[in-house]
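The residues making up each chain are set out below.
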Amino acid sequence: MTPAEIRARLAGLQSEDLPVHGGRTLAYVYDAGLPEVDALAREAVAAFAGSNGLDPTAFPSLLTMENELVGVAANLLDGPDSVVGTLTSGGTESCLLAVQAARDGRPDLARASLVVPDTVHAAFHKAAHYFGMEIRVVPTGPDHRADPAAMDAACDASTVLVVVSAPSYAHGVIDPVTEVAGAAAARGIRCHVDACIGGWVLPFKSRLGRPVTPWTFAVDGVTSISADLHKYGYAPKGASLLLHRTPALRRSQFFAHADWPGYTMLNATLQSTRSGGPVAGAWTTVRAIGTDGYLALTEAALEATDQIAAGIGDIDGLDLVATPESTLIAMTAGPGLDVFTVADEMTARGWFVQPQLSHAEQPPSLHLSVSAATLAGVEEFLEALETAVAQARAAGPVPVDADVVALLHSLDPRTLSEEEFDALLAAGGLAGDGEAPGLPEQMAPVNALLDAAPPALREAVLVAFLDRLSRPVRPIGAVGPGQRLQ
Ligand SMILES: *Cc1c(COP(=O)(O)O)cnc(C)c1O
């Protein structure tokens, strides 16, 4: 393909995606609304895309940028002089490493456990799954916050880590970090604060003079904190920070291997080759925005959140799940109103809001991660939401066949055959046509079907769906094995 053809193809492919600018995509992307900063950061990503953080002696630029970013975070997060940190590829990697470091800090335990509230991010379940650990999930109270006494009671001699969130992704509330971390410290257990989404908002919120539940290294017993630069740091994707209170706590996170014939392998993260692109992109963004910039962006995002929260309160049929403590909003719908249809109606109006399935006793909800760039569009958003609610009410709930629901509850996801998955995907409108499974036009029927299934079956169906989406697109007429290039 020629460069012009490639550019055209890339633009065409990208036109199918959600917009990353404009503040109308209220999950997955975070928009500062600062095009000059974005342009500068993309320049930096491009300039360092080929550099490799694998070896800090070969690419000292990346080490310098990483150490400066950790330094900025250490100040923001009230770190003592002993604080150290690592730049990772994202929130999940930061959370995985916090768990792995805790596990490998106790090599004497045959099977270590971690204790988490039921609102903890899925990354911790992934960590337990990957690292062969027991995860003890403790129900949160009616306020959706971790229950310190119940978490303490769930700890025993095998527990190496307790986790709290600042704030939780699903509900946007901050756990009682002081109580949980204090109890963990009394037992000699590490406490990780997952501030992936709040880590670059809450420090500025408190500097703006708004009250924030204590959650940083200023709280005794907090041993590590994760904070994503590619969320409210507004950096290009691929950058998060994991900070530990002391180098000793971080030591077990590092991996070295010298007993092979190749290069000396020394890794701080799950990755070995690490692109310099996200490092330079994050460093550039943080430097270009600066403290005053983040204060202004945080004020704008919080103002937008307050206005949206107030507007939701005024719309008949919608309820806030909790009073927002940062820039996250969760809302539920009353009787006769289907949140999944509301989400689709919002998509049709150019706003992406994120469906969250029902869980335990809680109904399904809609999640909003509000960016600074959303402030300018709040009025338009609330008008769209009001219309979407009216349309969804008129459409009524998405019918899910009672027989299908009965079937869903009778299935054992561990023993389902590929044919049964195909039938399920078809019932959910996820089969697509012919060879390639399609991405559905309307998500509400899919979400309604998933919502009717127990979590283990949801997981199995989602994995089967991803399996069918992820299939190679093989070029036609390429040179095959044994053929000669003409
Ligand atoms: C986003 C998020 C994560 C995971 O981060 P990724 O960058 O998506 O891997 C973990 N915890 C919380 C609270 C989050 O909001």
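All values reported here derive from a predicted model rather than from experimental measurement.

Trainee: Hey, could you run me through the overall build of the chain in this one?
Mentor: Helix and strand counts for the chain come out as 16 helices and 13 strands. In terms of C-alpha radius of gyration, the chain reaches 24 Å, essentially the compact-globule figure of 23 Å for 486 residues. The dimensions of the chain, computed from C-alpha atoms along their principal axes, are 70 × 60 × 50 Å. The proportion of buried residues among the 486 residues of the chain is 50%. Of the contacts formed within the chain by residues at least 6 apart in sequence, a portion of 72% connects residues at least 24 apart. Here the chain displays about 22900 Å² of accessible surface, and carbon together with sulfur accounts for 57% of that area. A gap of 8 Å separates the mean positions of the 30 positive and 56 negative side-chain charges of the chain.

Trainee: What's the story with the sheet that holds strand 13 (residues 365-369) in this structure? I'm lost.
Mentor: One key point about sheets: their strands pair by backbone hydrogen bonds, in either a parallel or an antiparallel sense. Strand order across the open sheet formed by four strands is 10-11-13-12, with antiparallel pairing between neighbours. Edge strands, defined here as strands with exactly one partner in the open sheet, are strand 10 (318-320) and strand 12 (354-356). Across the sheet, the axes of successive neighbouring strands diverge by a mean angle of 35 degrees, strand direction being ignored. Bridge count for strand 11 (residues 328-333) against strand 13 is four bridges, and the pairing is antiparallel.

Trainee: Looking at this structure, I do not really get the layout of surface pockets. What am I missing?
Mentor: Which parts of space are left empty comes out when a probe the size of a water molecule is rolled across the atoms. Of the volumes computed, that of the second largest pocket is approximately 420 Å³. Together, 24 residues line the second largest pocket, and Pro56, Leu63, Glu66, Ala268 and Arg274 are the ones closest to its centre. In terms of residue count, the dominant contributor to the lining of the second largest pocket is helix 3 (residues 60-76) (five residues).

Trainee: What am I meant to see in helix 10 (residues 276-314) here?
Mentor: Because the α-helix completes a turn every 3.6 residues, residues three or four places apart line up on one side. An ideal rise of 1.5 Å per residue puts 57 Å on 39 residues; helix 10 reaches only 47 Å between its terminal C-alpha atoms. Its maximal kink placed at glycine 290, helix 10 deviates by approximately 80 degrees. The N-cap of helix 10, judged by a side-chain oxygen 3.0 Å from the amide nitrogen of glycine 277 a few residues on, is serine 275.

Cut-offs applied
Residues numbered from 1 in each chain as written. Predicted model: local features only at pLDDT ≥ 70, side-chain atom pairs only at ≥ 80, totals over all residues. Heavy atoms only, no water. Helix = DSSP H or I, 4+ residues; strand = E, 2+ residues; numbered from the N terminus. Rg over C-alpha atoms; globule rule 2.2 N^0.38 Å. Buried < 20%, exposed > 50% of the residue type's maximum accessible area, 1.4 Å probe, protein only. Contact = heavy atoms within 4.5 Å. Areas by Shrake-Rupley, 256 points an atom, 1.4 Å probe, with all protein chains shown as cover. Lys, Arg positive; Asp, Glu negative; His and termini not counted. Charge placed at Lys NZ, Arg CZ, Asp CG, Glu CD. Pairing = 2+ DSSP bridges. Axes fitted to C-alpha atoms, helices over the stretch in contact; angles between N-to-C directions. 1 Å grid on protein atoms, 1.4 Å probe; cavity = no way out; pocket = protein on both sides within 12 Å on 5 of 7 lines; lining within 4 Å. Points joined across faces, edges and corners; volume = space filled by probe spheres on them. Expected span 1.5 Å × (residues − 1). Bend = angle between axes of the 7 residues up to and from the residue. Polar contact = N/O pair within 3.5 Å; in protein donor to acceptor, adjacent residues only side chain to side chain.

Purely spatial values, then, with no claim about function.
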